[in-house]
Amino acid sequence: MKIVYEDNHIIIVSKQSGEIVQGDKTGDVPLSEMVKQYVKEKYRKPGAVFLGVTHRLDRPVFGLVVFARTSKALERLNRMFANGEIHKTYWAITQNRPEADEGTLEHWLTRNEKQNKSYASDREKPNSKRAVLKYKVISESERYNLLEINLLTGRHHQIRCQLSAIGCPIKGDLKYGAKRSNPDGSISLLARRVEFVHPVSKELISVEAPLPDDPLWQAIAASV
C-alpha cells in the first residue's frame, strides 16, 4: 500500500490492481481496512478508526483512491464529487487508435447488474445514463497508444465501456473486448491524477499516482 498524500482530514492511496476498495462478496480484505489499520498503528489510536470511502476504483484498475479521515471531510468530499469539483485524470493503454487524436465521447450507458457490465448506445434507452468523457492520445509505441482521459460524468465502467464502443478496448480488458488478458490480471487503466480544493484548508491539492511496475507502462509513458 502506497500513501501519496496524508493530512488530518484526507488520505490518498495508490491502489494496486487486484485490490478492492471496499468489502464485497469475495471476503477479501479491502483497501479501506488496510488504511484503517495503517492509521490505527501510526497514530496509536485506541478503538475503532473512522475512515470514509468517497469513491471506488474497479478491482483490476491501478491508481488513486481518496479516503476521508473525518466525518466533516467525508460529507464535504461527497458533495464535491457529486458536483464535479474533484477532477480525476486517467491514463489508458489501447492497441487500437481512435480515429481522432483527441475528442469527446458521449454515450448512453445501461448497466447489467448480473453481468457486472455496462452497454453503450448512441441513443437514450430505458434506465440508461448519459456518459461523457474527453480523451487525447498523448504517447504511442510500436503496438500501443496511451490515452489521457478526463471524466465529465461518473458512470459504472464508463471509460472501459466507452473506449470499447469506439473500437479501442483497454489492453487486458477481456470483459470489454480486449483480445488477451494481462499476465497479472490487471487492465491497463490508471487513475493517474486527482486535483481538488481541500474541503477544510481550502488549499489546492494535486496528486499523481506512480506508474505501474510494468515495462510497457514505463516505456510508453517515458515521452509524456
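What you are looking at is a predicted structure, and each value in this text was computed from that prediction instead of being measured. Numbering of residues starts from 1 in every chain and runs along the sequence as written. Local features in this predicted model are restricted to residues whose pLDDT is 70 or higher, and side-chain atom pairs enter the listing and the counts only when it is 80 or higher, whereas totals over whole chains, interfaces and linings include all residues. Each side-chain value is derived from all of the structure's non-hydrogen atoms; neither hydrogens nor water enter the calculation.

Student: I'm lost on the overall build of the protein in this one. Help?
Tutor: Secondary structure summary: the protein contains 4 helices and 11 strands in total. Within these notes, the globule rule equals 2.2 Å times the number of residues to the 0.38 power, and the radius of gyration is based on C-alpha atoms. Taken over the C-alpha trace, the protein has a radius of gyration of 18 Å; the compact-globule value for 224 residues is 17 Å, and the two agree within 12%. C-alpha extents for the protein along the principal axes are approximately 55 × 45 × 35 Å. Residues counted as buried form 46% of the 224 residues belonging to the protein. Put simply, DSSP marks the helices as runs of H or I at least four residues long and the strands as runs of E at least two long, and each gets a number from the N terminus on. Only protein chains enter the calculation, and the probe is 1.4 Å; a residue is then buried if its accessible area is under 20% of its type maximum, exposed if over 50%, and partly exposed in between.

Student: How should helix H2 (residues 71-82) be read in this particular structure?
Tutor: Three- or four-residue spacings in an α-helix give side chains the same orientation, since the helix completes a turn every 3.6 residues. Expected helix span is given by 1.5 Å per residue-to-residue step, counting one fewer step than there are residues. Here H2 is 12 residues long and its end C-alpha atoms lie 17 Å apart, about the 16 Å a rise of 1.5 Å per residue gives. Among the residues making up H2, those that are buried are Ala73, Leu74, Leu77 and Met80. One face of H2 carries all of its buried residues, which in axial projection span an arc of 130°. Across from the buried face of H2, at angles greater than 90 degrees, the exposed residues are Ser71, Glu75 and Ala82. Elements in contact with the buried residues of H2: strand E2 (10-15), strand E3 (52-53), strand E4 (62-68) and strand E10 (189-197). Our arc is simply the arc of the directions from the helix axis toward the C-beta atoms. A contact between two residues is defined here by any heavy atoms of the two lying within 4.5 Å.

Student: Teacher, can you tell me more about the side chain of Arg193 here?
Tutor: By secondary structure assignment, the location of Arg193 is in strand E10. Here Arg193 falls in the buried class, since its relative accessible area comes to 19%. Side-chain atoms alone can form a polar contact between residues adjacent in sequence; in general such a contact is a pair of N or O atoms within 3.5 Å, and within protein one must be able to donate a hydrogen while the other accepts it. A polar side-chain atom of Arg193 sits 3.1 Å from a polar atom in the side chain of Glu208. Once residues within four sequence positions are removed from consideration, Arg193 is found in contact with Leu64, His87, Lys88, Thr89, Glu148, Ser206, Val207 and Glu208.

Student: Sorry, what's going on with unusual backbone geometry here?
Tutor: Most of the time, phi is negative for any residue but glycine, and the peptide bond is trans. With a phi close to 50°, Arg44 is a non-glycine residue in the positive phi region. Structurally, Arg44 can be placed in the loop between helix H1 (31-42) and E3. Under the relative-accessibility criterion, Arg44 is labelled exposed at 76%. Phi is positive for His157, close to 55°, though the residue is something other than glycine. Tracing the backbone shows His157 in the loop between strand E9 (145-151) and helix H3 (158-165). Here His157 falls in the buried class, since its relative accessible area comes to 8%.

Student: I'm lost on the pairing of strand E11 (residues 204-208) in this one. Help?
Tutor: The side-chain alternation of E11 yields one buried face, formed by Ile205 and Val207, and one unburied face, formed by Leu204, Ser206 and Glu208. Between any two strands, pairing holds if DSSP finds at least two bridges. Bridge analysis of E10 against E11 gives 5 bridges, and the strand direction is antiparallel. Pairing of Val194 across the sheet is with Val207, part of E11. Between E10 and E11, which follow one another and run antiparallel, lie 6 residues, and Lys202 among them has a positive phi close to 70°.

Student: Would you take a moment to explain the environment of Asp184 for this structure?
Tutor: Locating Asp184 in the fold gives a position in the loop between H3 and E10. For Asp184, a relative accessible area of 54% translates into the label exposed. Separated by 124 residues in the primary sequence, Asp184 and Pro60 have C-alpha atoms spaced 9.2 Å apart. A polar side-chain atom of Asp184 sits 2.7 Å from a polar atom in the side chain of Ser186.

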